[in-house]
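# Examining the three-dimensional arrangement
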Amino acid sequence: MQITPYTRMVYYHETDRMDIVNHSNYIHMTEEARVDFMNKIGVGYHDMEAQGILLPVLGVTCTYKHSLHFGEHLAVYSTITRYNGFKLELQYEIRCVETGALCATATSSHCFTNANLKPMRIRDKFPQMHAFFTQAMEVTYAEGSSC
């Protein structure tokens, strides 16, 4: 399956007095990218939640490499690094579209729960959704994709 990265412009409100994106905003960018990624692989959050499935965040990490600035465009490449039907882990590369510079790497880990936040295995209860996640582990990105 081939998809395009999540892309958008850096907004003024995301920057600080030094004209760079504040570190906390990179986590927001990964969340936006995760929602976009899930839609592109065919398992959108609306679809999951309509079936009573939630995907709470268990943890996040972010390592900063190069600053993004107001007006630049970012591209986030999301990949699944671990999936077992119960837990989902993703990795993100945030890049500046104009320069190609790697600005940050991040991870997020999640588990599947029902509406009462009781953990569940979607592999057993939702085999079609399980198949989408399994296939998404083979995602590649189209060359030259940008804003």
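These figures come from a predicted structure and were not determined experimentally.

Here we take up the sheet that holds strand E4 (residues 73-83). What links the strands of a sheet is backbone hydrogen bonding, and the strands pair in either a parallel or an antiparallel sense. In space, the five strands of this open sheet follow the order E2-E4-E5-E6-E3, with antiparallel pairing throughout. Only two strands of the sheet have a single partner each, and these edge strands are strand E2 (6-9) and strand E3 (57-64). Across this sheet, the average inter-strand angle for adjacent strands is 20°, counted without regard to direction. Two elements, E3 and strand E6 (residues 102-111), share seven bridges in a ladder whose sense is antiparallel.

Within this structure, the stated rule accounts for six aromatic pairs. Summarising the aromatic geometry, the rings of tyrosine 12 and phenylalanine 70 are spaced 5.4 Å apart at their centres and angled 85° between planes, so their arrangement reads as edge-to-face. Taken together, the positions of tyrosine 12 in the loop between E2 and helix H1 (25-41) and phenylalanine 70 in the loop between E3 and E4 put the pair 58 residues apart, joining distant regions of the chain. Overall, the relative accessible area of 60% leaves tyrosine 12 in the exposed class. When its relative accessible area of 41% is taken as the criterion, phenylalanine 70 is described as partly exposed.

A few words now on the side chain of threonine 15. When you line up the elements, threonine 15 lands in the loop between E2 and H1. Relative accessible area serves as the criterion here: at 16%, threonine 15 is assigned to the buried category. Within polar-contact distance, the side chain of threonine 15 engages the backbone oxygen of tyrosine 12 at 2.7 Å.

Another point: the nonpolar core. Ranked by size, the top nonpolar core spans 38 residues in total, and within it Tyr26, Phe37, Met48, Leu68, Phe112 and Phe133 carry the most contacts. Elements that contribute at least two residues to this core include exactly H1, helix H2 (45-50), E4, strand E5 (87-96), E6 and helix H4 (127-136). With six residues, H1 is the largest single contributor of residues to this core. Every residue in contact with methionine 48, bar those within four places of it in the chain, is listed here: Met38, Val43, Ile53, Leu55, Phe112, Met129 and Phe133.

Here we come to the pairing of E2. Each regular strand shows side chains that alternate between the opposite faces of the sheet. Of the two faces of E2, the one holding Tyr6 and Arg8 is buried and the one holding Thr7 and Met9 is not buried anywhere. Looking at chain direction, E2 and E4 are connected through four bridges and run antiparallel. The partner of methionine 9 across the bridge, within E4, is histidine 73.

Right, let's talk about the state of the cysteines for a bit. A full pass over the atoms with the stated rule returns zero disulfides. Summary of cysteine pairing: cysteine 96 is not part of a disulfide, and the nearest cysteine sulfur, belonging to cysteine 103, is at 5.4 Å. Taking the relative accessible area as the measure of exposure, cysteine 96 reaches 2% and is therefore buried.

Among the residues of H4, those classed as buried are Met129, His130, Phe133 and Ala136. Taken end-on, H4 shows its buried residues confined to a sector of 125°, consistent with a single buried face. Structural note: H4 exposes Pro127 and Gln128 on the side pointing more than 90 degrees away from its buried face. Tucked inside the fold, the buried residues of H4 contact H1, H2, E4, E5 and helix H3 (122-125).

It is worth spelling out the pattern of salt bridges at this point. Counted by the stated rule, this structure contains six salt bridges. Between aspartate 36 and lysine 40 there is a salt bridge whose closest N-O contact spans 2.8 Å. Here aspartate 36 pairs with lysine 40, and both are found in helix H1, just four residues apart, close to one helical turn. A residue is classified by how much of its surface remains accessible, and aspartate 36, at 21% relative accessible area, is partly exposed.

Rules used throughout
Residues numbered from 1 in each chain as written. Predicted model: local features only at pLDDT ≥ 70, side-chain atom pairs only at ≥ 80, totals over all residues. Heavy atoms only, no water. Pairing = 2+ DSSP bridges. Helix = DSSP H or I, 4+ residues; strand = E, 2+ residues; numbered from the N terminus. Axes fitted to C-alpha atoms, helices over the stretch in contact; angles between N-to-C directions. Phe/Tyr/Trp six-rings, centres within 6.5 Å; stacked < 30°, edge-to-face > 60°. Buried < 20%, exposed > 50% of the residue type's maximum accessible area, 1.4 Å probe, protein only. Polar contact = N/O pair within 3.5 Å; in protein donor to acceptor, adjacent residues only side chain to side chain. Core = buried A, V, L, I, M, F, W, Y, C linked by side-chain atoms within 4.5 Å. Contact = heavy atoms within 4.5 Å. Disulfide = S-S within 2.5 Å. Arc of directions from axis to C-beta. Salt bridge = Lys/Arg side-chain N within 4 Å of Asp/Glu carboxyl O.

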